[in-house]
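# Summary of structural features
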Amino acid sequence: EDDGAKFRVLASVDGLGEESDAVAEELREDALALLEEALQPQEEEDEWSNGAELSLVLCGEREIQALNKKWLGKDYPTDVLSFPMEGSEGLLGDLVVCLDVAKRQAAERGLTPREEMRVLLVHGFLHLLGYDHETGPEDMEEMAGAEQRLMKRMGWKGKGLIGYSQADEGEA
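Below is a summary of the structure that appears in this document. Every chain's residues receive numbers from 1 upward, in the order its sequence appears when written. This being a predicted model, a pLDDT of at least 70 is required before a residue's local features are given, and a value of 80 or more before pairs of side-chain atoms are given or counted; all residues contribute to the totals for chains, interfaces and linings. Derived side-chain values reflect all non-hydrogen atoms in the structure, with water molecules and hydrogen atoms excluded from consideration.

Whether parallel or antiparallel, the strands of a sheet pair through hydrogen bonds between backbone atoms. One open sheet holds the four strands; their spatial order is S1-S2-S4-S3, and the pairing between them is mixed. A strand with exactly one partner marks an edge of an open sheet, and here the two such strands are strand S1 (7-14) and strand S3 (80-84). Going across the sheet, the axis of each strand differs from the next one's by a mean of 15°, ignoring polarity. Pairing between strands is defined by DSSP: at least two bridges between them are needed. Helix and strand assignments follow DSSP, with helices taken as H or I runs no shorter than four residues and strands as E runs no shorter than two, numbered in order from the N terminus. Bridge count between strand S2 (residues 52-59) and strand S4 (residues 91-98): seven bridges; the pairing is parallel. Considered in S4, the bridge of valine 57 is made with valine 96. What makes two residues a contact is simply this: any of their non-hydrogen atoms within 4.5 Å. The convention used is that axes are lines fitted to C-alpha atoms, helices contributing only their stretch in contact, and that angles between N-to-C directions extend from 0 to 180 degrees. Packing against the sheet, helix H1 (residues 20-38) makes contact with S1, S2 and S4, and its axis sits at approximately 155° to S1. Strands S2 and S4 of the sheet are contacted by helix H3 (residues 99-109), whose axis makes an angle of about 65° with S4.

Written out as structure tokens, the structure reads:
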């Protein structure tokens, strides 16, 4: 069905109770706002000028741990995973956000769960666009800067996931 919208976000819940449906809808709304703001075409033939679609999954620790182990070889739950759809016009890819980890990190960082999920959303979104903080210090700084600029542009609280991770390491 084509409702004329340039950007679409498909949200689903995996391994969580029905009470998570409202959280998934909030995250879907935030993701849609992010796409509309961040992917505004800068010129007529911009890569995203015809719109984009994002798949978003909100899940529990067991589900994200299984994905983390299968795709990255890391056998532990994580906060967000990004699966870019390279070569698929208009499809950004899949973002998987773990609600349990997001709630725990939010409490540690003095954020609400929605604020933390926005931090994770921006981080995962930048990975879908090709940013990678694990390829060297310069790339990490570039992605950290992009996170901070995007969070500020959206009017969202937080300094970006890399900023929080660097602060957490400094405290350790």
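Moving on, we come to the side chain of serine 20. Here serine 20 shows up in helix H1. Residues within four places of serine 20 in sequence aside, it is in contact with Val13, Leu58 and Leu99.

The next point concerns the layout of surface pockets. Its volume calculated, the largest pocket comes out at about 750 Å³. Sorting the residues of the lining of the largest pocket by element identifies helix H2 (61-72), S3, H3, helix H4 (113-128) and helix H6 (161-171) as the ones contributing at least two each. Here the lining of the largest pocket takes six residues from H6, the largest share from any one element. Two kinds of site are reported from a 1 Å grid over the protein atoms alone, namely cavities, where a 1.4 Å probe fits but cannot get out, and pockets, open sets with protein on both sides within 12 Å along at least five of seven lines, and residues are called lining when an atom falls within 4 Å of a point. Grid points are joined across faces, edges and corners, and a volume is the space filled by probe spheres set on the points.

Here we take up the side chain of glutamine 105. In this fold, glutamine 105 is placed in helix H3. Counting of polar contacts relies on pairs of N or O atoms within 3.5 Å, with two restrictions inside protein: one atom must be capable of donating a hydrogen and the other of accepting it, and residues adjacent in sequence are counted only when both atoms are side-chain atoms. At a separation of 3.2 Å, a polar atom in the side chain of glutamine 105 contacts the side chain of aspartate 79. If sequence neighbours within four positions are ignored, glutamine 105 has contacts with Asp79, Glu116, Leu120 and Leu161.

Function-wise, these values are silent; they only describe arrangement.
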